[in-house]
Amino acid sequence: MSDDEISNDGYDQALDAIENGEPYALECPEGHQSMPPRQVCPECGASDLEEVEIPLSGELLSYNVTYVPTPDFGDDVPFVLGVAEFDDVRLTGRVQADAEDVEVGSAVEVGLGESETTGRPLVTFDLA
Ligand SMILES: [Zn+2]
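Residues numbered from 1 in each chain as written. Predicted model: local features only at pLDDT ≥ 70, side-chain atom pairs only at ≥ 80, totals over all residues. Heavy atoms only, no water.

Before going further, it helps to spend a moment on the UniProt feature "domain: ChsH2 C-terminal OB-fold" (unreviewed entry) in the protein chain. According to UniProt, the positions carrying the feature "domain: ChsH2 C-terminal OB-fold" (unreviewed entry) are residues 51-110. Within residues 51-110, the helical portion is 0% and the strand portion 53%, while the C-alpha atoms at the span's ends are 17 Å from each other. (UniProt positions renumbered as here; feature names shortened; annotations may be inferred. Helix = DSSP H or I, 4+ residues; strand = E, 2+ residues; numbered from the N terminus.)

With that settled, the discussion passes to the sheet that holds strand β1 (residues 24-27). An order of β2-β1-β3 is seen for the 3 strands of this open sheet, with the pairing classed as antiparallel. Two strands in the sheet have a free side with no partner beyond their single neighbour: β2 (33-34) and β3 (50-53). Looking at chain direction, β1 and β3 are connected through 4 bridges and run antiparallel. For L26, the partnering residue across the bridge sits in β3 and is E51. (Pairing = 2+ DSSP bridges.)

Shown next as structure tokens:
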């Protein structure tokens, strides 16, 4: 478990970029975008990925409300977990709103928050 920080390195860098207001994705020569950490494009397997900026604002594609957490999120429930699209890349994040205020198609802004349970950083979506 002590290697956790090392194996999460690419992800942590991506979170830092979000916190700095400069989120990025990895793009392969075919233009497929994905979130770090990645070694190869998940769609076509290309290995020469480069970082590209993605917009701060996206559109919520789906969401669900979590009532039964994994142990790392025991103090956080209930919370809304959403998938939003930013250009061509989809991110999963915590929607910072009550479930009844959340709709598919909502404009969201990506940011960085932390788990109330562990204090670890996580991707957040604020309703725009
Ligand atoms: Zn690709």
